[in-house]
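# Coordinate analysis (summary)
Spelled out, the chains give:
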Amino acid sequence: MGHLKQDSKKSVGIDAIAVHVPRLYVDLSGEWAQARAATFSEGDVAQLVGKVKKGVGVEHMAVPDAHEDSATLAAMAAVKAIQNAGIDPKDIGYVAVGTETTVDQSKSIAAYVLGMIERRFNVQMPDVGAPQFQFACIGATYALEAAVNMFRAEEHTKPYALVIATDVSKYPLLTAGEYTQGAGAVAMLVCENPRLLAIDPKTAATVTRDERDFFRPNGLQTAVVDGKYSIDVYLDCMTLAADRYLERARAAFNKPGARIDELASHLLFHVPFPRMAEYAALRILGDAWRKDSRIKDEIVREVPLITDTNIDKDPKARKAYEKQLADSAFFRHFFATTIEPSLTLSRKIGNIYSGSLYLALASLLESTENRASLAGQRIALLSYGSGASARVFSGTFVDPAHAYIPHAATDLKNEQDGGRRVALSVKDYERLHSGPKSEDSTTPGSLLQPAESLRAPKNEFALTRVGAEQSAQKTDTGYRYYEWMK
Ligand code: CAA
């Protein structure tokens, strides 16, 4: 490690990955469900809990404290990745952050994160590139692509690039988006001959189209979403990108006719909420299986609708087929072994937007007891960002037993069980959701001082104050001051 290699056949990919989530969370089957049942389920608390836990797939959602934002979450994840990998931060030549909830309209959030890394490790890193990539939840995938291609083109000047996905997902209270919120960051070190995941060259496929499924107009703190439509756009774009990936991957691996589930042992999806991964698996594999007689004949006994010739023409026929497939033992077993291990963290954290796909990767690593068994296995990564773009790519695990240090699941333990998590009351959650308040409602929230933290920051980065000076000597109105709090 730590030196520039010149081998033209080298692999490029992810050397280390680390997750950081706020310690505060809302338990969606507790007081929150009591408070929201009148709005969402005509007062029926059990119905709401069933829908959120089973129908949507989330149990808890992470909520940032007043001193946390996308920049502190990113910096915390970055510090963990650097420490877990045991590298010198001065060996990082590129810091790229994917986010759709940045902290400034102009400055790259990566520059704020860089400053925090420099202060934490007491180093100077002046010769790095530090861009921000924004395209809803797919921004970090584009950041990863740029970092990987920099190494492939041998344009890197240092052995590592740092790619971070960070977001705070926020919808208006009392809307159907509310129970799909979350917050967190995932940091990945990218290099040549990576220890964790070698990314396959010449296989990735991207699809983009101008869409209105989900967006956040300037000035709004919460997303505007057309929920059901956003699911349709996700499925359409993802299916197209998966088809194109398959064409390239079959050629690259010399496996004509192979299905995606034959090329990859695990399928990792962008997870806005865990059921979405199931909808996507049903669409992509449901199509692959019904078009392949080698497997169709095995499934038809349990799923007779697999032979329905109207599926491509009639959305109702497709829905009926996917429902029957979803209930089959064949699909349940496939899902439990191939996809469920990548969803366990998301069930406890919620949507972290640009980091959700990479949280799925961490989740697979956390929930696989024998991580060494993953070595040599190929995984497919299916990324999606509203607005809308999908990118499907794949990679092969190298030495996951040594390259991944489990920490994410332990971070989710409650304080009383020796962990750091703290459950929020609805009152505190709503206060944090609304952000800092001013007397004068015309002042934008970004110029206000952070509200009082629920838990004083400890051993973490915190937004300590927002600049308010405008004088001949110094202007820092709205500049965000971050400090490491002991
Ligand atoms: N027990 C079990 N299941 C139940 C239930 C109960 N008591 N009550 C309802 N359900 C089931 C429903 O049958 C349904 O399942 P099926 O689809 O299998 O029928 C499921 O729960 C969801 O219920 P609804 O259809 O009533 O959906 P909803 O009104 O709760 O809305 C949502 C769900 C559209 C996802 C909404 O939460 C939302 O708008 N979220 C934000 C947008 C989003 O995440 N979009 C995803 C694609 S876009 C993207 O991926 C980018 C991104 O990150 C935002």
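Above this note sits the structure.
Below or above, wherever it landed, is the structure these notes cover. The shown structure was predicted, so the numbers you read here are calculated from the model rather than taken from an experiment.

This part covers the packing of helix α3 (residues 70-85) against helix α4 (residues 109-121). Contact geometry for α3 and α4: axes closest at 9 Å, N-to-C directions at 50°. Comparing their axes, α4 and α3 come out oblique. The handedness of the crossing between α3 and α4 is right-handed. Counted together, S70, A71, T72, A74, A75, A78, V79, I82 and Q83 of α3 and I109, Y112, V113, M116, I117, R120 and F121 of α4 form the full contact between these two elements. Broken down by class, the residue content of the contact of α3 with α4 amounts to 12 nonpolar, 3 polar and 1 charged.

Here T396 lies in strand β14 (residues 389-397). The buried category is assigned to T396, whose relative accessible area is 18%. Excluding residues that lie within four positions of it along the chain, T396 makes contacts with L196, L197, A198, D200, G376, Q377 and R378.

Taking 1.5 Å of rise per residue, the 17 residues of helix α8 (residues 274-290) would be expected to cover 24 Å, and the 24 Å separating its terminal C-alpha atoms lies within 8% of that figure. Among the 17 residues that make up α8, 14 are buried, leaving the element largely enclosed by the rest of the structure.

The subject of this paragraph is the sheet that holds strand β2 (residues 24-27). Taken in spatial order, the 3 strands line up as β3-β2-β15 in an open sheet, and their pairing is mixed. Both outer strands of the open sheet, β3 (60-62) and β15 (422-423), are each paired with one neighbouring strand and no more.

Moving on, we get to the site of the ligand. Of all residues adjacent to the ligand, which total 25 residues, the nearest are K51, A176, Y179, R275 and Y279. Side-chain polar atom of H270 to an oxygen atom of the ligand: 2.9 Å apart, as the coordinates give it. The protein chains hide 76% of the 1100 Å² of surface that the ligand would expose on its own. The pocket occupied by the ligand, as judged from atoms lying within 2 Å of grid points, is the second largest pocket. Only α2 (45-56), α6 (227-252) and α8 provide two or more residues apiece to the shell around the ligand.

Reading the values: rules and limits
Residues numbered from 1 in each chain as written. Predicted model: local features only at pLDDT ≥ 70, side-chain atom pairs only at ≥ 80, totals over all residues. Heavy atoms only, no water. Axes fitted to C-alpha atoms, helices over the stretch in contact; angles between N-to-C directions. Helix = DSSP H or I, 4+ residues; strand = E, 2+ residues; numbered from the N terminus. Parallel < 35°, antiparallel > 145°, perpendicular 65-115°, else oblique. Left-handed = near helix turned anticlockwise from the far one by under 90°. Contact = heavy atoms within 4.5 Å. Nonpolar A, V, L, I, M, F, W, Y, C, P; charged D, E, K, R; others polar. Buried < 20%, exposed > 50% of the residue type's maximum accessible area, 1.4 Å probe, protein only. Expected span 1.5 Å × (residues − 1). Pairing = 2+ DSSP bridges. Near = heavy atom within 4 Å. Polar contact = N/O pair within 3.5 Å; in protein donor to acceptor, adjacent residues only side chain to side chain. Areas by Shrake-Rupley, 256 points an atom, 1.4 Å probe, with all protein chains shown as cover. 1 Å grid on protein atoms, 1.4 Å probe; cavity = no way out; pocket = protein on both sides within 12 Å on 5 of 7 lines; lining within 4 Å. Sits in = over half its atoms within 2 Å of the grid points.

So yeah, pure geometry; function would need other evidence.
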